[in-house]
Amino acid sequence: DRSPDGAINMGGNVSEWVDEAQSPSAEAVKQFNGLEPPASREERWFLMRGGSYMLPLEAAETWVYQSLPARLHSPALGFRCARNAP
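Residues numbered from 1 in each chain as written. Predicted model: local features only at pLDDT ≥ 70, side-chain atom pairs only at ≥ 80, totals over all residues. Heavy atoms only, no water.

Draft legend 1. Seen up close, the overall build of the protein chain. In terms of regular secondary structure, the protein chain is built from 1 helix and 4 strands. Listing the helices and strands of the protein chain from first to last along the sequence gives β-α-β-β-β. In the protein chain, once contacts between residues fewer than 6 apart in sequence are set aside, the share between residues at least 24 apart is 65%. A total of about 6400 Å² of accessible surface is found on the protein chain, and carbon and sulfur atoms cover 52% of it. (Helix = DSSP H or I, 4+ residues; strand = E, 2+ residues; numbered from the N terminus. Contact = heavy atoms within 4.5 Å. Areas by Shrake-Rupley, 256 points an atom, 1.4 Å probe, with all protein chains shown as cover.)

Draft legend 2. Just the packing of aromatic side chains, in detail. This structure, assessed with the given rule, holds 1 aromatic pair. Relative to Trp45, the ring of Phe32 has its centre 6.0 Å away and its plane inclined at 70 degrees; by these criteria the two rings are edge-to-face. Taken together, the residues span a long stretch of sequence, with Phe32 in the loop between helix H1 (26-31) and strand E2 (45-49) and Trp45 in strand E2 at a distance of 13 residues. Both residues of the pair, Phe32 and Trp45, belong to the buried class. (Phe/Tyr/Trp six-rings, centres within 6.5 Å; stacked < 30°, edge-to-face > 60°. Buried < 20%, exposed > 50% of the residue type's maximum accessible area, 1.4 Å probe, protein only.)

Draft legend 3. Region of the structure containing the pairing of strand E1 (residues 15-22). Bridge count for E1 against strand E4 (residues 77-78) is 2 bridges, and the pairing is parallel. When the sheet's bridge partners are listed, Glu16 is paired in E4 with Gly78. Relative to E2, E1 runs antiparallel, the two being bridged by 5 bridges. Across the sheet, Gln22 pairs through a bridge with Trp45, a residue of E2. (Pairing = 2+ DSSP bridges.)

Draft legend 4. Quick peek at the side chain of Ser67. Inspection of the secondary structure assignment puts Ser67 in strand E3 (residues 65-69). A polar contact is formed between the side chain of Ser67 and the side chain of Gln22, at a distance of 3.4 Å. Excluding its chain neighbours within four sequence positions, the residues that come into contact with Ser67 are Gln22, Pro24, Ala28, Phe32, Trp45 and Phe46. (Polar contact = N/O pair within 3.5 Å; in protein donor to acceptor, adjacent residues only side chain to side chain.)

Draft legend 5. Structural detail: the pattern of salt bridges. Evaluated as defined, the whole model comprises 1 salt bridge. Close ionic contact of Arg71 with Glu43 constitutes a salt bridge, the shortest N to O distance being 2.7 Å. Of this pair, Arg71 sits in the loop between E3 and E4 while Glu43 sits in the loop between H1 and E2, and the two are 28 residues apart along the sequence. Owing to a relative accessible area of 31%, Arg71 belongs among the partly exposed residues under this scheme. (Salt bridge = Lys/Arg side-chain N within 4 Å of Asp/Glu carboxyl O.)

Structure below.
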């Protein structure tokens, strides 16, 4: 469980929203067609990073990056309060 930046022992609870706006791929938009109304490229999308307890064990060994529509809600998705050092 090592991130690309070298942080360890960070996986397991929830994946995290990252304050980084994204332009989703057509594949990402298609993945969220089950939302009501269906996802579109015109709405706001953000980056999700990390792994959660709801992912298969094999996925825990990778650091996941994915674009998600901003209106998505999930018990496996949270956030971490952080700031850059001055």
